[in-house]
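# Breakdown of the fold
Letter by letter, the chains look like this.
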Amino acid sequence: MGDLRFLWHRFWIWVRNILIFFFVSSLLAVIAFKWVPVYRTPLMYIRYCQQWLDGKDPVIKHQWVDLEQISHNMPLAVMGGEDTHFTEHSGFEEEAILRARLEKLNGGRERGASTISQQTAKNVFLWPGHSWLRKGLEAYFTILIENIWGKERIMEVYLNSIEMGDGIYGAEACAQLNFNKSARDLTRSESAIIAATLPNPLERDSAHPSKFVKKRSKRIQREMNAIKDPAWGAQ
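So, a few notes on the structure that sits alongside this text. (Residues numbered from 1 in each chain as written. Predicted model: local features only at pLDDT ≥ 70, side-chain atom pairs only at ≥ 80, totals over all residues. Heavy atoms only, no water.)

## Concerning the pattern of salt bridges
Across all of its chains, the model carries eight salt bridges by this definition. As a salt-bridge pair, Arg 134 and Glu 138 come within 2.7 Å of each other at their nearest N and O atoms. A residue pair is termed a helical-turn pair when its members lie 3 or 4 positions apart in one helix, as Arg 134 and Glu 138 do in helix 6 (residues 132-148) at four residues. When its relative accessible area of 2% is taken as the criterion, Glu 138 is described as buried. (Salt bridge = Lys/Arg side-chain N within 4 Å of Asp/Glu carboxyl O. Helix = DSSP H or I, 4+ residues; strand = E, 2+ residues; numbered from the N terminus. Buried < 20%, exposed > 50% of the residue type's maximum accessible area, 1.4 Å probe, protein only.)

## As for a nonpolar patch on the surface
A contiguous nonpolar patch, built from Ile 20, Phe 22, Phe 23, Val 24, Leu 28, Ile 31, Trp 35 and Val 36 and spanning about 770 Å² of accessible area, is present on the exposed surface. Here Leu 28 lies in helix 1 (residues 2-32). On the basis of relative accessible area, Leu 28 is assigned to the exposed category, the value being 53%. (Patch = residues over 30% accessible without salt bridge, like charges linked within 9 Å, V, L, I, M, F, W, Y side chains within 5 Å. Areas by Shrake-Rupley, 256 points an atom, 1.4 Å probe, with all protein chains shown as cover.)

## With respect to helix 9 (residues 188-197)
In terms of residue burial, helix 9 counts as a mostly covered element, since eight of its 10 residues are buried. Within helix 9, burial applies to Glu 190, Ser 191, Ala 192, Ile 193, Ile 194, Ala 195, Ala 196 and Thr 197. Its buried side turned inward, helix 9 meets helix 3 (73-82), strand 2 (163-165), helix 8 (171-179) and helix 10 (211-226). (Contact = heavy atoms within 4.5 Å.)

## Describing the sheet that holds strand 2
Spatial strand order, 1-3-2: three strands in an open sheet with mixed pairing. One side of each edge strand has no neighbouring strand; the edge strands of this open sheet are strand 1 (61-62) and strand 2. Here two bridges tie strand 1 to strand 3 (residues 168-169), and the two strands are oriented parallel to one another. Bridge assignment links Lys 61 to a residue of strand 3, and that residue is Ile 168. (Pairing = 2+ DSSP bridges.)

## Re the side chain of Thr 115
One can find Thr 115 in the loop between helix 4 (94-105) and helix 5 (116-125). According to the relative accessible area criterion, Thr 115 is buried, its value standing at 1%. When neighbours within four sequence positions are excluded, Thr 115 is seen to be in contact with Asp 83, His 89, Gly 91, Phe 92 and Glu 93.

## Re unusual backbone geometry
Here the phi dihedral of Asn 180 falls at roughly 55°; this positive angle occurs in a residue that is not glycine. Of note, the phi angle at Ala 231 is positive, near 60°, even though the residue is not glycine. Within the secondary structure, Ala 231 sits in the segment after helix 10.

## Some details on the packing of aromatic side chains
Per the stated rule, a full pass over the model turns up seven aromatic pairs. When the ring of Phe 22 is compared with that of Phe 141, the centres are 6.2 Å apart and the planes differ by 85°; the resulting orientation is edge-to-face. Pair noted here: Phe 22 is in helix 1 and Phe 141 is in helix 6, with a separation of 119 residues, a long-range link. Judged by centre distance (5.2 Å) and plane angle (70°), the rings of Tyr 140 and Phe 141 are edge-to-face. Residue class for Phe 141 comes out buried when judged on its relative accessible area of 5%. Pairwise contacts between aromatic rings join Phe 22, Phe 33, Phe 125, Tyr 140, Phe 141 and Trp 149 into one cluster. Sitting over the ring of Phe 86, Lys 151 keeps its end group 4.6 Å from the ring centre. (Phe/Tyr/Trp six-rings, centres within 6.5 Å; stacked < 30°, edge-to-face > 60°. Lys NZ or Arg CZ within 6 Å of the ring centre and 35° of its normal.)

Everything listed is a geometric property; what it means functionally is a separate question.
And the structure:
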């Protein structure tokens, strides 16, 4: 009986130490990335391995640029396509989450309800998936970046880390490869086309947009007109 108590005590010490290490290390990482550019993310390495397993030449096309070097059309476009209330919420859109759950319960398709903040937390610190563990960690990191980074930094990291094509990450790489220009020079319509591909960038190509992508980009441009411009990015 004494041995069992000892083992149980040691087990909880082990769990406590792991939790303390995770909390301290994650907090330090979030604080560091408030200023340090995010050159690589877990998703980049996951896709790299998937390309290799598929027999392709694995590649990561990414170039970090400051938000001031990205057209101010891009923040508006991704807000119009992904998160119209980005500047207003605290990291979560409760109504969107509730609608998605109700739609799923009623037999509809499963769809995402993640905000730009949640997507950024997932891209930088986590891995793709729908497990409760991943979702719980995503919520934890979302709260951290909302309170430590702020909206402008979240947008900067998002626009530099989001997947925008097969092996393409961030607005600068996408602009150069698909539009032969810098992200600074992206037009309103080009930004909307890029944003229209983001729900599924491996299937939708901003360089050769389908009719669906073009139609969605028109809706995004209408949403952009209704969003208050936060004046981020190159004018």
